[in-house]
Amino acid sequence: MSRQPKDDLVSAQPYNESPLCSYDQLLLPFQRAEKPRSRWRVGTEAEKFGVFRDGSPVPYEGERSIRTVLEALADRHGWFEEQEYEGGPVVALRRGDASITLEPGGQLELSGAPHATIHATCSEFRGHMAELRDISNDLGIIWLGLGFHPTATQDTLPTVPKLRYQVMRHYLPTRGAMALDMMRRTCTVQTNLDYSDEPDAMRKLRLSLALQPIVTAMFANSPWVEGRHQGERCRRARVWLHMDPDRCGLLPFAWNPKATYRDYVEWALDVPMFMVKRGEALHHNTGQTFRSFMNDGFEGVKPNLGDWETHLNTLFPEARLKKTLELRGADAQDTSLVSALSALWKGLLYDDRAMDKVEALIEGWSYEAVEAIRPEIATSAIRTNLYGRPVLEWAKEILEIASFGLREASHLDRHGEDETIYLKTLQYLIDSASCPADRLLEKVDPKAELLGEILAHAEVHTSSQKSKAHQETVTSPPTASP
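Please read all numbers here as calculations on a predicted model, not as lab measurements. (Residues numbered from 1 in each chain as written. Predicted model: local features only at pLDDT ≥ 70, side-chain atom pairs only at ≥ 80, totals over all residues. Heavy atoms only, no water.)

## Description of the overall build of the protein
- Within the protein, the regular secondary structure consists of 19 helices and 17 strands.
- Whereas a compact globule of 482 residues would reach a radius of gyration of roughly 23 Å, the protein reaches 22 Å, a difference of no more than 12%.
- Expressed along its principal axes, the backbone C-alpha trace of the protein runs to roughly 60 × 55 × 45 Å.
- Counting the 482 residues in the protein, one finds 60% classified as buried.
- Sequence separation of 24 or more characterises 73% of the internal contacts of the protein that already satisfy a separation of 6 or more.
- Surface exposure of the protein reaches about 18,500 Å², of which carbon and sulfur atoms provide 48%.
- For the protein, the separation between the mean place of its 56 positive charges and that of its 69 negative charges on side chains is 2 Å. (Helix = DSSP H or I, 4+ residues; strand = E, 2+ residues; numbered from the N terminus. Rg over C-alpha atoms; globule rule 2.2 N^0.38 Å. Buried < 20%, exposed > 50% of the residue type's maximum accessible area, 1.4 Å probe, protein only. Contact = heavy atoms within 4.5 Å. Areas by Shrake-Rupley, 256 points an atom, 1.4 Å probe, with all protein chains shown as cover. Lys, Arg positive; Asp, Glu negative; His and termini not counted. Charge placed at Lys NZ, Arg CZ, Asp CG, Glu CD.)

Structure follows, in structure tokens:
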């Protein structure tokens, strides 16, 4: 059962505006998120790059722009526009429990509703892409499912007018040489999972951190930089190695089986903040940790629970604990593999016996050994070695465990298929000793600048039917229908 906050911890004010008066309040976002197994759901967030057919990025403003796409989605498909402040530009859409938001370089992200089955996740994403289809065709826009922008330079990308992004653009480059690339030239697919209580949350966090570099390798899908292959299969993974070390990485403290919410809080307290927002007033305070802010305030402003939750949103580890456990280590993908990521994680972490199998698999793994292979993962993906075995071999075992977990759940679609159907494309790739980037590179000469070829084979399909181009790219069994 979820624990509710004590009356003496939260005032009569709205939750987010309640003053932070005690350490125990810092635990509330995690405690409030706890759910019984019967209410566990899976959320999927999928980003994509919008480009014109000449490969140039789509601007934020203008007749053919990201803003035009957002407005058309609102007009035609019942999404509601959201501004960051009254009278400000549109930066997001919402419909029910789903939202569409923008990353700093104009990447379009669907944050799907929480679903009980991957069948529903697949249906939602295909519906989203179908809604984009006519709008995008009218505007001459195509959407790319890649982890790193294949053509753009920093100066050609749009700027999204969101207050937090202004702070990040100035601060993060002081903390990591590739920070701007992370913000503006990377895309990801993310899976969000629920947890029942503190031991369950921390166990899932520990296991997912250990597996995350393997999953990154399995989904490696960013081989091009500015129109050329530079010898990497996962440029996005390379970028994340050169980001702010205070707020990124594999969280060594969480590898301890005895780690608790308080360990996560202690780490988060010592990460510098981005800003404090009160109404339309923005206070930049990138030199201050949240611990200092809680003790001393900033420019006369005292912290509240909303500030703490905002701060938790500015932490970017490979697995992040918030109202859900967010698994953040995979490149953006084409439609057939978006659902595969969520199916994989659900199979691994939503069945107790599957988690036992994961623990047995990674017994003896250390943070230091797994951290050490991350640079090679960016280059070689599944060909990297870990503990004397290719990552490919570990990936095969991970897929077997995930399939076991999904079969145990036995969530069937209308055709009587369980959720293992969403692993078929991924299984095909692993069986053929490939990652998505390998398949792309087979179709595009790695030594040539073939813009048209890159765009053709990296496009996210905007209907429920796979195009001939995609079938030739992946050459896999048919993707499951929702």
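## Quick look at the environment of K322
- Here K322 lies in the loop between β14 (319-321) and β15 (325-331).
- Owing to a relative accessible area of 17%, K322 belongs among the buried residues under this scheme.
- Between the C-alpha atoms of K322 and A120, which are 202 residues apart in sequence, the distance is 23 Å.
- Ignoring any residue separated from it by four or fewer positions in sequence, one finds K322 in contact with P29, F30, A33, Y195, L312 and N313.
- At 2.6 Å, the side chain of K322 and the side chain of N313 are in polar contact. (Polar contact = N/O pair within 3.5 Å; in protein donor to acceptor, adjacent residues only side chain to side chain.)

## Notes on helix α8 (residues 261-269)
- Those residues of α8 that sit buried are Y261, Y264, V265, W267, A268 and L269.
- Structurally, α8 contributes buried residues whose contacts are with α1 (28-33), α6 (198-218), α9 (290-296), α10 (305-313), β13 (316-317) and β14.

## A word on empty space enclosed by the protein
- Taken as a whole and assessed by the stated rule, the structure comprises seven cavities of 30 Å³ or more.
- Empty space within the second largest cavity amounts to approximately 80 Å³.
- Lining the second largest cavity we find P213, T216, R236, A237, W240, L241, E318, R374 and I377.
- Breaking the lining of the second largest cavity down by element, the ones donating at least two residues are α6, α7 (235-240) and α14 (374-380).
- Tallying contributions element by element places α7 first for the lining of the second largest cavity, with three residues. (1 Å grid on protein atoms, 1.4 Å probe; cavity = no way out; pocket = protein on both sides within 12 Å on 5 of 7 lines; lining within 4 Å. Points joined across faces, edges and corners; volume = space filled by probe spheres on them.)

## Here we look at the packing of aromatic side chains
- Applying the stated criterion across every chain, the model contains 13 aromatic pairs.
- Here W40 and Y350 contribute two aromatic rings whose centre-to-centre distance is 4.8 Å and whose plane-to-plane angle is 35 degrees, an arrangement assigned as tilted. You can see W40 sitting in the loop between α1 and β1 (42-52) and its partner Y350 sitting in the loop between α11 (335-349) and α12 (352-361), a full 310 residues away along the chain. Pair check on accessibility: W40 and Y350 agree, each one buried.
- Summarising the aromatic geometry, the rings of Y171 and F274 are spaced 6.1 Å apart at their centres and angled 70 degrees between planes, so their arrangement reads as edge-to-face. (Phe/Tyr/Trp six-rings, centres within 6.5 Å; stacked < 30°, edge-to-face > 60°.)

## Looking at the nonpolar core
- Among the nonpolar cores identified, the biggest contains 141 residues, and L172, F219, L344 and L348 are the most heavily contacted of them.
- For this core, the leading source of residues is α6, giving 11 residues.
- For F219, the contacting residues outside a window of four places in its chain are A330, D331, Q333, L337, A340, L341, L344, L426 and P436.
- Core analysis: the second largest hydrophobic core is formed by 14 residues, I142, L146, A332 and L441 among them. (Core = buried A, V, L, I, M, F, W, Y, C linked by side-chain atoms within 4.5 Å.)

## Observations regarding the state of the cysteines
- Scanning the model with the defined rule gives zero disulfides in all.
- Note on C122: no disulfide assigned, nearest cysteine sulfur contributed by C187 at a separation of 20 Å.
- Classification of C122 by relative accessible area gives buried; the value is 2%. (Disulfide = S-S within 2.5 Å.)

## A few points about helix α4 (residues 163-171)
- Turning to α4, its buried residues are L163, R164, Y165, V167, M168 and Y171.
- Tucked inside the fold, the buried residues of α4 contact β4 (98-102), α5 (179-185), β11 (275-278), β12 (281-284), α10 and β13.

## A closer look at the layout of surface pockets
- By volume, the second largest pocket is sized at about 240 Å³.
- Lining the second largest pocket we find 15 residues, and of these R37, K346, Y350, A409 and H411 sit closest to its centre.
- Ranked by residue count, the leading element in the lining of the second largest pocket is helix α15 (residues 391-409), at four residues.
- Partitioned by chemical class, the residues of the lining of the second largest pocket number six nonpolar, three polar and six charged. (Nonpolar A, V, L, I, M, F, W, Y, C, P; charged D, E, K, R; others polar.)

## Regarding the packing of α11 against helix α16 (residues 424-431)
- It is the contact of α11 with α16, at a shortest axis distance of 8 Å, that shows an interaxial angle of 90 degrees. One way to sum up the angle between α11 and α16 is to call them roughly perpendicular. On the side of α11, the interface is formed by S336, L337, A340 and L344, while α16 contributes T425, L426 and L429.
- Of the residues contributing to the contact of α11 with α16, the split by class is five nonpolar, two polar and no charged. (Axes fitted to C-alpha atoms, helices over the stretch in contact; angles between N-to-C directions. Parallel < 35°, antiparallel > 145°, perpendicular 65-115°, else oblique.)

## Topic: the pairing of β15
- Of all seven residues in β15, seven are buried; the element is thus mostly enclosed.
- Across three bridges, the pairing between β14 and β15 is antiparallel. In the sheet register, A319 faces β15, and the bridge partner there is L327.
- Counting the residues that bridge the hairpin from β14 to β15 gives three residues. (Pairing = 2+ DSSP bridges.)

## With respect to unusual backbone geometry
- Non-glycine residue E226 carries a positive phi angle of around 50 degrees.
- With respect to the helices, strands and loops of the structure, E226 is situated in the loop between β8 (224-225) and β9 (228-229).

## Examining the confidence of the model for the protein
- In this model, the protein carries an average pLDDT of 91, and 91% of its residues clear a pLDDT of 70 or more.
- Under a pLDDT of 50 for its full length, residues 1-12 has, in the predicted model, 22 contacts with residues more than four places off or in other chains. (pLDDT = per-residue confidence, 0-100.)

## A short note on the environment of E61
- Turning to its location among the elements, E61 is positioned in the loop between β1 and α2 (66-77).
- A polar contact of 3.0 Å, which involves the side chain of E61, links it to the side chain of R67.

## Brief notes about the packing of α6 against α12
- Packing of α6 against α12 leaves a shortest axis separation of 11 Å and a crossing angle of 45 degrees. Classified by the angle their axes make, α6 and α12 are oblique. At the point where α6 passes α12, the crossing takes the left-handed sense. Along its contact with α6, which presents D200, R203, K204, R206, L207 and L211, the element α12 presents D352, M355, D356, V358 and E359.
- Of the residues that constitute the contact of α6 with α12, the class distribution is four nonpolar, no polar and seven charged. (Left-handed = near helix turned anticlockwise from the far one by under 90°.)

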